Amino acid sequence: MSGVVKRVAAGMGANAFAQALTIGIQLASLPIFLRYWDIARYGLWLMISAVPSYFSMADIGMITAAGNKMTMAHGRGDSAEANRVFQSALLFMLISCGALALITVPAVLTLPLQSLHGLDQRLALCALVLSVLLTLFGGLAEAIFRASGRYGLGTTLANLIRLAEWCGYIVGLVVLGSLSAVAIGGLCARLAGLAVLIRLSADGKSDIKWHFACAQWKEVRAMTKPAVFFMLFPLSNALSFQGMTLLAGYELGPILLVTFNTYRTLARIAVQVTGVFSLSLQPEFSLFFGKAGPEGVVTMYRRAALLGIILTASLSTCLYFTGPLLLKLWTHGKIGFDPPPMLLMLAYAAVAGAWYVPRMLLISTNEHSQVAFWSLTIAAASLVVAAALCRRWGLDGLVTAMLLSEIAIAGISVRLAEKVLFVPKLRMTADPT
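None of these values were measured; they are calculated from a predicted model.

## Digging into the overall build of the chain
Thought 1: Assigned secondary structure in the chain consists of 16 helices and zero strands.
Thought 2: For 433 residues, the compact-globule estimate of 2.2 N^0.38 gives 22 Å, and the C-alpha radius of gyration of the chain, at 23 Å, lies within 12% of that figure.
Thought 3: Seen through its C-alpha atoms, the chain measures out along the principal axes to roughly 60 × 60 × 35 Å.
Thought 4: Expressed as a percentage of the 433 residues in the chain, the buried residues total 50%.
Thought 5: Across the chain, contacts joining residues at least 24 apart in sequence account for 83% of those joining residues at least 6 apart.
Thought 6: Of the roughly 20000 Å² of accessible surface on the chain, 70% is carried by carbon and sulfur atoms.
Thought 7: Of the side-chain charges in the chain, 32 are positive and 19 negative, and the distance between the mean point of each set is 2 Å.

## Here we look at the confidence of the model for the chain
Thought 1: Confidence in the prediction for the chain averages 86 pLDDT; 97% of positions are at 70 or higher.
Thought 2: Below a pLDDT of 50 lies the segment residues 424-433, which in the model reaches 15 contacts outside its immediate sequence neighbourhood of four places, other chains included.

## Concerning the environment of T331
Thought 1: With respect to the helices and strands, T331 occurs in helix α12 (residues 294-331).
Thought 2: Put simply, T331 and T262 are 69 residues apart on the chain and 8.9 Å apart in space, counted from C-alpha to C-alpha.
Thought 3: Side-chain polar atoms of T331 contact the backbone oxygen of L327, separated by 2.5 Å.

## Description of the nonpolar core
Thought 1: Ranked by size, the top nonpolar core spans 119 residues in total, and within it F33, W45, M70, F260, F285 and L398 carry the most contacts.
Thought 2: Counting residues per element, this core draws most heavily on helix α5 (residues 118-147), which supplies 15 residues.
Thought 3: Ignoring anything within four residues of it in the chain, the contact list for F285 reads V297, M300, Y301, V357, M360, L361 and S364.

## Some words on the packing of helix α6 (residues 151-175) against helix α7 (residues 179-201)
Thought 1: The geometry of α6 relative to α7 is characterised by a closest axis approach of 7 Å and an angle of 155° between their N-to-C directions. The pairing of α6 with α7 is recorded here as roughly antiparallel in orientation. In this structure, α6 meets α7 at a crossing whose hand is right-handed. Facing α6, whose interface residues are L157, I161, R162, A164, E165, G168, Y169, G172 and L173, α7 presents A181, V182, A183, G185, G186, A189, R190, G193, L194, L197 and L200.
Thought 2: For the contact of α6 with α7, the class distribution of residues is twelve nonpolar, five polar and three charged.

## Overview of the side chain of R150
Thought 1: Looking at where R150 falls in the secondary structure, it is placed in the loop between α5 and α6.
Thought 2: Within the structure, the side chain of R150 is placed 3.1 Å from the side chain of S148, a separation counted as a polar contact.
Thought 3: Aside from chain neighbours lying at most four places away, what touches R150 is F145, L200, S201, D203, K205 and S206.

## Section: the packing of aromatic side chains
Thought 1: Taken as a whole and judged by the stated rule, the model has ten aromatic pairs.
Thought 2: Note on W45 and Y169: the rings are 5.5 Å apart at their centroids and 75° apart in plane angle, and the pair reads as edge-to-face. Here W45 is found in helix α2 (residues 39-50), whereas its partner Y169 is found in helix α6, with 124 residues between them in sequence.
Thought 3: Under the relative-accessibility criterion, Y169 is labelled buried at 14%.
Thought 4: For the pair Y320 and F337, a centre-to-centre distance of 5.6 Å together with 65° between the ring planes defines the contact as edge-to-face. Placement of Y320 in helix α12 and of F337 in the loop between α12 and α13 (339-354) is noted, with a sequence separation of 17 residues between them.
Thought 5: Looking at Y320, the relative accessible area reads 23%, which means it is partly exposed.
Thought 6: Each member of the aromatic cluster is reached from another via a ring pair, and the members are F33, W37, Y42, W45 and Y169.

## What about a nonpolar patch on the surface?
Thought 1: On the surface, Y36, V171, V174, V175 and L176 cluster together into a nonpolar patch covering about 520 Å² of accessible area.
Thought 2: Tracing the sequence through the fold places L176 in the loop between α6 and α7.
Thought 3: According to the relative accessible area criterion, L176 is exposed, its value standing at 67%.

## Side note on the packing of helix α15 (residues 369-393) against helix α16 (residues 395-421)
Thought 1: Orientation of α15 relative to α16, taken along the N-to-C sense of each, is 160°, at an axis distance of 7 Å. Put simply, α15 runs roughly antiparallel to α16. Remark: the crossing between α15 and α16 carries right-handed chirality.
Thought 2: Taken together, the residues of the contact of α15 with α16 break down into 15 nonpolar, seven polar and two charged.

Rules used throughout
Residues numbered from 1 in each chain as written. Predicted model: local features only at pLDDT ≥ 70, side-chain atom pairs only at ≥ 80, totals over all residues. Heavy atoms only, no water. Helix = DSSP H or I, 4+ residues; strand = E, 2+ residues; numbered from the N terminus. Rg over C-alpha atoms; globule rule 2.2 N^0.38 Å. Buried < 20%, exposed > 50% of the residue type's maximum accessible area, 1.4 Å probe, protein only. Contact = heavy atoms within 4.5 Å. Areas by Shrake-Rupley, 256 points an atom, 1.4 Å probe, with all protein chains shown as cover. Lys, Arg positive; Asp, Glu negative; His and termini not counted. Charge placed at Lys NZ, Arg CZ, Asp CG, Glu CD. pLDDT = per-residue confidence, 0-100. Polar contact = N/O pair within 3.5 Å; in protein donor to acceptor, adjacent residues only side chain to side chain. Core = buried A, V, L, I, M, F, W, Y, C linked by side-chain atoms within 4.5 Å. Axes fitted to C-alpha atoms, helices over the stretch in contact; angles between N-to-C directions. Parallel < 35°, antiparallel > 145°, perpendicular 65-115°, else oblique. Left-handed = near helix turned anticlockwise from the far one by under 90°. Nonpolar A, V, L, I, M, F, W, Y, C, P; charged D, E, K, R; others polar. Phe/Tyr/Trp six-rings, centres within 6.5 Å; stacked < 30°, edge-to-face > 60°. Patch = residues over 30% accessible without salt bridge, like charges linked within 9 Å, V, L, I, M, F, W, Y side chains within 5 Å. Salt bridge = Lys/Arg side-chain N within 4 Å of Asp/Glu carboxyl O.

In structure tokens, the structure reads:
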């Protein structure tokens, strides 16, 4: 079990590094870019760089589904299946990403798009799209690290490549200063980093090979259902976050919207910490589920679920008592501490963090289709409930609706996780997807 603890600790460290890197890049980008560009040009860069994020869904969840299946196969010692799954996913990605690149790049360069003026902006968008598509292949390399018990290393390397890409942006900014130079600088760094990542993933510590000899379309079809259902999670998050933000602004006005967003950001610190812990469990759940079925993960799951509850409840409690000081320091005293809505928001955060481990068990075993469906359904329904309660009780009503939605999805997640743990043995002979 000590090996598991070490791998989980390494995964938590890698995920914490990823969050720290994200914050660091966000804090450093603004002053550096504004040193060389004016606000209008930096705003244009932000607009152009936001568009390619939609291409990150080009894999339709196939990478995550394949990574789960590869890890479960590795747990059973079935390297043939792991190779078949990986190479089938690789073939799918080459076709889908290649087709997108062949369609998008000529279209951006030649079509009369009103929002893009001049070759510089068009080249920048093309380079950013290609960078996003290359990132997906990096996800396949990370899946190899994860399947071979090196999740922490793979995640760290992927984030170092992200740092290198950002440094490529800065080099392009400083040397040439054009939009296209910045984007191409990042693309070159991403391409070099991907080459290193692929080489390290094929270092002989895994039996998974980068070719297509074992690729099968029936394997792609088998992974399509869990892959597509993975796409429901970002849609649910969009409704839960952007949807609630828009609703708060419409019903409460801009002043209370700022208070709402500030309280939610502070409260979700507990959720983010629990998320780092839960995400690190994903490869372990897949590995031991593949090795021994439900019996292989039941003890680990129960302990992790209890630890997750303790972690998120403890952090939420600490945030309630330190909230007045944190808000004073963070907002320079412009946003005060109001106990009732903050207590409700922290209760929402505690429940949200508590069901991360059950959800991760479902995700890591490709048994997430029902929880993905219910997440989307409850997120949509919560907006209706929030609108009704907000008109009656204001900010308290809005947060109450958020809390009720988290309680509902938490109950469903726990129930579905228990069903996976006590699945009949006959089912374990079938395909885990």
